[in-house]
Every structure is written in structure tokens, then in C-alpha cells.
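Here is how the chains run, residue by residue.
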Amino acid sequence: MKEPTREEKYRVLKDPEEIRGLYDSIKKSDYRQTFHTQPVTGLLNDPNGFVYYDGYWHLFYQWCPWGAFHGLKYWYHVVSVDLVYWENKGVFLKPDTEFDNKGVYSGTALPTAERLELFYTGNHRDKDWTRCSYTCLAKLDEDSGEAEKKEKPLFGPSEGYTEHQRDPKIIYNAEKKKYYILLGAQTKDKRGCGILYESNDIEGRWHFAGELKVPGFEKFGSMWECPSIERIGDKDVLFFCPQGIKLPGHGEITNHNGYIVGRMDYDSLTFIPDMGFRFLDEGFDFYAAQCCEGDYSDRHSVLVGWMGLPDAVYPTDEENWSGTMTVARELAVEGNRLLQRPLRGLERLKALQIDHKQKLLPRSCKMEITNLSEDFSLRLFTDEDGKGGFRFKYNSDENELYADRSHMTMRFNTGFGEERTLSFENPLRKIEIFIDRSSLEMFFNEGEIVFSSRVFPVKDEKHFYLKGNGKLRIWEMNPAVKDDFVV
């Protein structure tokens, strides 16, 4: 794939017709998803502004329309009534002001009694390409459904940190009756951290409150992206993406997404950990997860993530598109571990249950393996003889699962590593597997561990092989996304 020029990367989209031909080509791809959110063209990355508001689930994502590269970013908007069936609504935020002239970067949303408020990073660059990041506010206009930007940013960058200050997470603390904005940042000596601003009024004056203190994590990566603090049950959970650090078990990858369970003290701006850092997802392709905001008391907290990595390349890059979201996950905290279960509503997508004795693997399906009690081997996307494929092997004595995707025909990002070992706290008893045309998501033991990966099987990689005990069931999955050209 030819490396685009800066001018090509930062070209402004003036008319949807400029990319209609690109869409017409992309929609023919054999790897277009059927029940996962994906871009109409170009690149999808971080989920933004995930919120339940006025009867709808709103999800925005970072979108570069021209190709599978990081360039001028927009917020693209999709909506759902149930987190299962998603509809394209088109561009919501555009890079059209002085303060976001080179991209509307990631952020979050807050539903209020009056309106839906959206907070984002305005990526400004001057003529010398020097970056300055602004924290900006937009609102959803109820009549038009379009964005109404506040004329000026809420605040600019803090002088005590590098240019890397972004991804505002809006938090309302009822006890203190204050709003907080948590940003991912980098100190002058290149340490990753979070910084906090506070205000009594969303549109009023914002004051720099200080750096978030997390004892034991003073030197943990060179930058923290997409930080958030969520209340789940009776625990606080700090989510963040540490960059510039290699972590045990994840090969050469230096972009991670994880969490710490603990307690947030807003008086001292300290997050007090109850445990160490845990990965949100043990798979090869997961980043920038975001929890949903809103009043939905009949549900657990809900999370989605980007199935991708910042510095990765994928086979569909050659087709001028890349990126997909995970399915929605319901969250709960048990002890000091976050459980992530597939959204219960996904069961409605199950169609025909197929005869697994034929060992044929539908391109979009759910597999469920229960009553496991001993060693087993599972191969997905093999040839007719059971050779090749994405391989998993469970050792019950060690209570570990070994994963290896190096036997697939279409290999990518091999320098990051193609093998993983998953260690379980409890014996492995159940696996739920969601397969779409270019993705694989596995939920072990009701969400104790999740494993997400992009996969690009070729024509003959349509079989599977299972050796060992356990009850296996497979269902084809119905489509759930409208892949319409809406810009």
C-alpha cells in the first residue's frame, strides 16, 4: 500500500460524492462484517461519546474517510435501540474550526436534563505543524440532530505537560457537586499519567485541579490514552491505555488497554488500587474501550472497544478500509476482577443451529462449548483436513490456554507476536465464541477472560476441529448492521 502524503491524509471531505466510488468498491469486500459496527469507508478507530440518551444508544467513532490510515479525523455517528441492531447516521463532528483544524479527536458524552453534551479534543496544528490540543464542547441539537459547537474551547493545554493531552472523560461527582474532566497526558519527562480539571458548571470556568495520583503506577508507560473512572457496583474502576511499554505476555506490543479496581478519592485526586493492572482483553486486537453513560438502571454497565491497535496494519488496508468495533459487553465486578459478558440481546441474532458434525464453520456464527473438564484442542478456520487455522490448546493441570494464530494463511502484524497464553483463576468450564466475517471474540467462564482478534480467512479456511470433551453447539448469526452509505 502506497504511503499517502500529508495533504492526502488531511484532505477535507467537502461532499459525500467524493467517497461514493470508494464505498461502492469497499462494500464488495469479502471481509465486511454483518453484526459489528464498521466504517463506510476508510479508517475506524476509538469509540467516542458512547451514551444512552432519549431512548437511543448513541455511539460515535473516530473516522478518517479517505483510506486505512490516521489522518484528518471526524466523529461518525451510529445509533441503536437495543445495542444489537445499529444504523448509520453520518458525520456528527467535523474539523471545521480554528481549534480543531486538524481533527476532532476522542472524547465522551454526558446526558443532562436539558441536552446531550459531548466533550472532545480539538487537534490544532499551526503552519509549522506544531500541535496544540484543546478540550472542546459540543451539544446535540434536538431538532436537526446535528452538532452545535461551543464557540471557544473549555480550556487549552496545561503548560506542565507535553503536547500529548487528550481524550476528555467527563465525570460528575454528586457528593462534591462538581464536574471533572480527566485527560490522558504525558509529563515533560515522558511519563504517562492522567490530569484533572474541575468546574461547578459545564460551560463555566474550568480550573486545573492536578495530576491523578495512582500509587504504584508513577512510571507506567510514556502516555496514557482514553482514561476513565467508572463506578461499577460498589467499586471504582480506572480504565486507561498505557503506551510505550511492553507488558508480560503481550509480546512486542506497546499499546495496551487495561483497568485497575480500587477507590477514587476526589479530595486528594488519588485513585487507590485494590489490585494491579489487568488487561481488559487478552487478544491481539483491542484498544480504546469506552463505557456507556446514561440512565439505564435495568442493565449493568456496558462497554465497547475498537478491535485494532494504533500502529497495526490489516489485510483490508489494501481495500482502503480498516477497523471494527467489538460487540457490546455487560460489566460487573466480582472481588477485584472485572467480568465482561457478551450483551444478552445478542442471543436474538442466533438463527439456524447447524450440525457441527460436518465441521463447517459459518462466516458469521456463535459457538458455545460447555461442560468442559479436561484438556482439549480447538482449531478454527482450518482446511478440510483440519490443518492450519487459529489454534487453541487447554492444559487443565496448569489451567492455561495457549493461542496461536500463526497457522492462518493471511498473517499480519507478526512482529507484535502471534502467540498468547491465558491463565485462568478458575477451571475452564464454558466458552462463548462470536465469529464474524473478519473478527473473533471469545468469552471464557462467563467473562472472566475475553480474547478478541481480527481474522481474515481465505476461501478454503472454513472448517474447524475440536478434540476433547465438552458439549458443542453452533448457530448461524443474522445481520445486525445496516452498511448504508450515509455521510
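Everything quoted here is computed from the prediction, not taken from an experiment. (Residues numbered from 1 in each chain as written. Predicted model: local features only at pLDDT ≥ 70, side-chain atom pairs only at ≥ 80, totals over all residues. Heavy atoms only, no water.)

**Student:** What should I look at first to understand the overall build of the chain in this one?
**Tutor:** Tallying secondary structure elements over the chain gives two helices and 34 strands in all. Taking 23 Å as the expected radius of gyration for a compact globule of 487 residues, we find that the chain reaches 22 Å, a close match to that expectation. Every one of the 487 residues in the chain was classed for burial, and the buried ones make up 61%. Once local pairs closer than 6 in sequence are excluded, the contacts in the chain between residues at least 24 apart make up 59%. If you average the places of the 65 positive and of the 80 negative side-chain charges in the chain, the two averages end up 2 Å apart. (Helix = DSSP H or I, 4+ residues; strand = E, 2+ residues; numbered from the N terminus. Rg over C-alpha atoms; globule rule 2.2 N^0.38 Å. Buried < 20%, exposed > 50% of the residue type's maximum accessible area, 1.4 Å probe, protein only. Contact = heavy atoms within 4.5 Å. Lys, Arg positive; Asp, Glu negative; His and termini not counted. Charge placed at Lys NZ, Arg CZ, Asp CG, Glu CD.)

**Student:** Explanation requested: empty space enclosed by the protein in the structure shown.
**Tutor:** Where empty space is left becomes clear once a probe the size of a water molecule has been rolled over the atoms. Per the stated rule, a full pass over the model turns up six cavities of 30 Å³ or more. Volume-wise, the largest cavity comes out at about 120 Å³. Around the largest cavity, the lining comprises 16 residues; the ones closest to its centre are Thr 108, Cys 226, Pro 227, Ala 289 and Gln 290. Of all elements in the fold, only strand S1 (42-53), strand S5 (104-111), strand S9 (161-173), strand S13 (223-232) and strand S18 (287-291) reach the threshold of two or more residues within the lining of the largest cavity. (1 Å grid on protein atoms, 1.4 Å probe; cavity = no way out; pocket = protein on both sides within 12 Å on 5 of 7 lines; lining within 4 Å. Points joined across faces, edges and corners; volume = space filled by probe spheres on them.)

**Student:** Help me understand the pattern of salt bridges, please; the structure alone is not making it clear to me.
**Tutor:** Close approach of charged atoms lets side chains of opposite charge pair. Applying the stated rule across the entire model yields 37 salt bridges. Across the pair Lys 149 and Asp 100 runs a salt bridge whose closest N-O atoms are separated by 2.6 Å. Residue Lys 149 is located in strand S8 (residues 147-149), and its partner Asp 100 is located in the loop between strand S4 (86-93) and S5; the two are separated by 49 residues in the primary sequence. (Salt bridge = Lys/Arg side-chain N within 4 Å of Asp/Glu carboxyl O.)

**Student:** Help me out: how do you make sense of the sheet that holds strand S34 (residues 481-482) in this one?
**Tutor:** One key point about sheets: their strands pair by backbone hydrogen bonds, in either a parallel or an antiparallel sense. The strand order across the open sheet formed by six strands is S20-S1-S2-S3-S4-S34, and the pairing between neighbours is mixed. Every interior strand has two partners, whereas the edge strands, strand S20 (321-322) and S34, have only one. As paired strands, S1 and strand S2 (residues 56-64) are joined by seven bridges and run antiparallel to one another. The residue bridging Pro 47 from the neighbouring strand is Tyr 61, located in S2. (Pairing = 2+ DSSP bridges.)

**Student:** Help me understand the pairing of strand S11 (residues 192-199) in this model?
**Tutor:** The two faces of the sheet receive side chains in turn, since in a regular strand these alternate between them. In terms of burial, S11 is largely enclosed, as seven of its eight residues are buried. Taken together, strand S10 (residues 178-187) and the strand that follows it, S11, pair antiparallel across an intervening segment of four residues, in which Lys 190 is found at a positive phi of about 65°. The pairing of S11 with strand S12 (residues 207-211) spans four bridges and is antiparallel. Residue pairing in the sheet places Ile 195 in a bridge with Glu 211 of S12.

**Student:** It is not clear to me how a negative patch on the surface should be interpreted in this structure. Could you clarify?
**Tutor:** A cluster of acidic residues, Glu 374, Asp 375, Asp 397 and Glu 398, forms a negative patch at the surface. Assignment of secondary structure puts Glu 398 in the loop between strand S26 (389-395) and strand S27 (400-407). When its relative accessible area of 54% is taken as the criterion, Glu 398 is described as exposed. (Patch = residues over 30% accessible without salt bridge, like charges linked within 9 Å, V, L, I, M, F, W, Y side chains within 5 Å. Areas by Shrake-Rupley, 256 points an atom, 1.4 Å probe, with all protein chains shown as cover.)

**Student:** Before we go on, may I ask you to explain the packing of aromatic side chains in this structure?
**Tutor:** Any aromatic ring pair is given by two values, namely how distant the centres are and how the planes are angled relative to each other. By the definition in use, this model includes 35 aromatic pairs. Note on Phe 390 and Phe 451: the rings are 6.1 Å apart at their centroids and 80° apart in plane angle, and the pair reads as edge-to-face. One end of the pair, Phe 390, is in strand S26; the other, Phe 451, is in strand S31 (residues 449-454), with 61 residues separating them in the sequence. Relative to Phe 456, the ring of Phe 412 lies with its centre 5.3 Å away and its plane at 80°, an arrangement referred to as edge-to-face. Residue Phe 412 is found in the loop between S27 and strand S28 (419-423), and its partner Phe 456 is found in the loop between S31 and strand S32 (463-468); the two are separated by 44 residues along the sequence. Both residues of the pair, Phe 412 and Phe 456, count as buried. Counting every residue linked through ring pairs, the aromatic cluster contains Phe 217, Phe 220, Trp 224, Phe 240, Phe 277 and Phe 279. If you follow Arg 454 out to its NZ or CZ, it ends over the ring of Tyr 314, 5.9 Å from the centre. (Phe/Tyr/Trp six-rings, centres within 6.5 Å; stacked < 30°, edge-to-face > 60°. Lys NZ or Arg CZ within 6 Å of the ring centre and 35° of its normal.)

**Student:** Looking at this model, I keep getting lost on the side chain of Arg 329. Mind explaining?
**Tutor:** Assignment of secondary structure puts Arg 329 in strand S21 (residues 329-334). At 2.9 Å, the side chain of Arg 329 and the side chain of Ser 452 are in polar contact. (Polar contact = N/O pair within 3.5 Å; in protein donor to acceptor, adjacent residues only side chain to side chain.)

**Student:** It is not clear to me how the sheet that holds S8 should be interpreted in this structure. Could you clarify?
**Tutor:** Pairing is antiparallel across the open sheet formed by four strands, whose spatial order is S5-S6-S7-S8. The open sheet terminates on both sides in strands that have one partner only, identified here as S5 and S8. Ignoring strand direction, the axes of neighbouring strands in this sheet form an average angle of 30°. The sheet contact formed by strand S7 (residues 131-140) and S8 spans three bridges and is antiparallel. Note on S8: the bridge partner recorded for Lys 139 is Glu 148. (Axes fitted to C-alpha atoms, helices over the stretch in contact; angles between N-to-C directions.)

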